[in-house]
Amino acid sequence: MPEPGLVEDYHPATASQRHFPASIELWDETLRDGEQAPGVHFSPEEKLRIAELLSDIGVGVVNAGIPVVSREEAEAVRRVAHAGLKTKVLAAARTVPRDVEAVVDSGVTHIAIFVAASEVHLRYKLKMTQEEVLAASLASVRRAKEAGLHTAFVTEDTVRAPFDFVERLYTAVQDAGADRLVVADTVGIMTPLTFRWYLTEFVRRVRPKDLSVHCHNDFGLATANTITAVECGARAPHVCVNGLGERAGNAALEEVVLGLESLYGVRTGVDTRRLFELSRLVEELSGVPIGVNKALVGYNAFSHEAGIHTHGILANTLTYEPLQPGAIGRERQLILGKHTGRAAVVEKLKERGATASDPILAQLLERIKLEGEARSKDELRRFLDEYRSIFERPGLSDAEFWAMVEAAGIRTVTA
Ligand code: MN
């Protein structure tokens, strides 16, 4: 089987523009940001199962959650922290003393302390001044360091905050002992070129000892921006399995890993052959189906129907596949339908040691195409109706909410 080449093999001139870190420590957020996706919740057992697989396949850091959220969440974090995993286990805290103490009590070795940085977040959400944010951040970082935790500092909405404040805040927390600085594109407004400029400027002004990024997929750019960040030296990029996360989600773990490994030959420490298994586990436990045409792990990602493509694939898979499906534990599929060509039929016949003359082949092909075009979509429509009724409105229903309101004795004005 041919091995696809690196980007360098095609475009060697671009290599000098990349400054990959000496090593990557992938930071998974599936159990935190991923769980914050609408309608998603993991039990402590489910969190542990996902964390175990993340650890087994070589993910560097796993964010197990925010212990202050609930008793069950604290229990989940504790269980992951004490499971003896190879991966480093992290928990998150706002710059609030009880949040930080809950992380200290959970038994993790790593903490991520977060606060917002942009003016819109400070004014309308936190109702804090920059000075107050700075003071709370310093106090939290100092407490975490005193407790002996590896401390990452994150600001929400970093990239929409005034750069002077970002510089002052991050410099101060790093001086106070923060081990890793995380730049967050919380609403996904960066593009690769803009993010490249931003991070270059951030590195010049703040000089982070260890840089990380958190990218969202609101414009479908999370993976591209995350890979750009790694090209700029970010060592511990945040990722979520299947791109799970708030709204349109985060950078997908499998995309960032394969992007780095397969396009650049950068090792991420991850056993890529188990990525599909991981993807399926998270699909099942989160209840969020993987999109059919999702990169790498979608059903269609290694399927071919069109005659020209199938013909090419059968001659040499490099014609229409940038990587071997086996690289992530998958198999290639040749689909029979309206667009099928002769080569696919010949190949299918071979499975049972059969051959056919040209006229018979032509006849068979004609029947396959006719059948492909005539396929009923009734079953699909029924499935879609059900799928939409489930996913258009996840979480509790309005009826459930109003029943609770009534039970709580709250009087409402309109029916
Ligand atoms: Mn996020």
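Residues numbered from 1 in each chain as written. Predicted model: local features only at pLDDT ≥ 70, side-chain atom pairs only at ≥ 80, totals over all residues. Heavy atoms only, no water.

1. Some remarks on the environment of V282
Note the cut-off: Helix and strand assignments follow DSSP, with helices taken as H or I runs no shorter than four residues and strands as E runs no shorter than two, numbered in order from the N terminus. Only protein chains enter the area calculation, which uses a 1.4 Å probe; residues under 20% of their type maximum are buried, those over 50% are exposed, and those in between are partly exposed. Contact between two residues is taken to exist if any of their heavy atoms lie within 4.5 Å; hydrogens are not considered.
For V282, the position within the fold is in helix α12 (residues 275-286). We classify V282 as buried; its relative accessible area is 0%. Between the C-alpha atoms of V282 and K125, which are 157 residues apart in sequence, the distance is 31 Å. Leave out the neighbours within four places in its chain, and V282 touches T30, I50, V241, N242, L244 and G287.

2. Side note on the coordination of the manganese ion
The test is simple: Ligating atoms shown are N, O and S within 2.8 Å of the metal, or 3.2 Å for Na, K and Ca, and water is not included, meaning a site may look less than complete.
Taken together, D33 (OD), H214 (NE2) and H216 (NE2) make up the protein donors of the manganese ion, found 2.0 to 2.2 Å from the metal. In the primary structure, the donors to the manganese ion are separated according to the pattern D-x180-H-x1-H. On the criterion of sequence distance, the pair formed by D33 in helix α2 (residues 30-34) and H216 in the loop between β7 (211-215) and α10 (222-231) is long-range, its members being 183 residues apart. Across the pair, H216 and D33 agree in class, each one buried.

3. Quick word on the nonpolar core
The cut-off we apply is this: In this text, buried Ala, Val, Leu, Ile, Met, Phe, Trp, Tyr and Cys residues form a nonpolar core when linked through side-chain atoms within 4.5 Å.
In this structure, F153, F195, Y198, F202 and L253 are the most contacted members of the largest nonpolar core, which totals 90 residues. Ignoring any residue separated from it by four or fewer positions in sequence, one finds F153 in contact with I113, V115, S137, V141, L169, Y170, V173, A178, R180, L181 and V182. In this structure, W27, F114, A152 and A236 belong to the second largest nonpolar core, which totals twelve residues.

4. Overview of unusual backbone geometry
A positive phi angle, close to 60°, is found at D157, a residue other than glycine. Secondary-structure assignment places D157 in the loop between β5 (150-156) and α8 (163-175). On the basis of relative accessible area, D157 is assigned to the buried category, the value being 1%. Phi angles above zero are rare outside glycine, and R207 is one such case at about 50°. Structurally, R207 can be placed in the loop between α9 (192-206) and β7. A residue is classified by how much of its surface remains accessible, and R207, at 60% relative accessible area, is exposed.

5. Section: the pairing of strand β3 (residues 88-94)
The following threshold applies: A crossover gets the label right-handed when its path from the first strand over the helix to the second runs clockwise, viewed with the strands pointing away from the viewer. DSSP calls a pair of strands paired once it identifies at least 2 bridges connecting them.
Where burial is concerned, most of β3 is hidden: five out of the seven residues are buried. Considered for its hand, the β-α-β crossover made up of strand β2 (residues 61-65), helix α4 (residues 71-81) and β3 is right-handed. In this structure, β3 lies alongside strand β4 (residues 110-116), joined through five bridges in parallel fashion. If you follow A93 over to β4, its bridge partner there is I113. Between β3 and its parallel partner β4, the chain crosses via helix α5 (residues 97-106), and the hand of that crossover is right-handed.

6. Topic: the packing of α8 against α9
Short version of the rule: Orientation is described by axes fitted as lines to C-alpha atoms, over the contacting stretch for helices, and by angles from 0 to 180 degrees between their N-to-C directions. Throughout, the term roughly parallel applies to angles under 35 degrees, roughly antiparallel to angles over 145, roughly perpendicular to angles from 65 to 115, and oblique to all others. Crossing handedness: left-handed means the near helix sits turned counterclockwise from the far one by under a right angle, and right-handed means the same turn made clockwise. Classification convention: Asp, Glu, Lys, Arg as charged; Ala, Val, Leu, Ile, Met, Phe, Trp, Tyr, Cys, Pro as nonpolar; all other residues, Gly among them, as polar.
Two elements in contact, α8 and α9, have axes separated by 10 Å at closest approach and are oriented at 50°. Considering the angle they form, α8 stands oblique to α9. Like other packed secondary-structure pairs, α8 and α9 cross with a definite hand, here right-handed. Residues F163, D164, V166, E167, Y170, T171 and Q174 of α8 form the contact with α9, whose participating residues are W197, Y198, E201, F202, R205 and V206. In the contact of α8 with α9, the residues fall into seven nonpolar, two polar and four charged.

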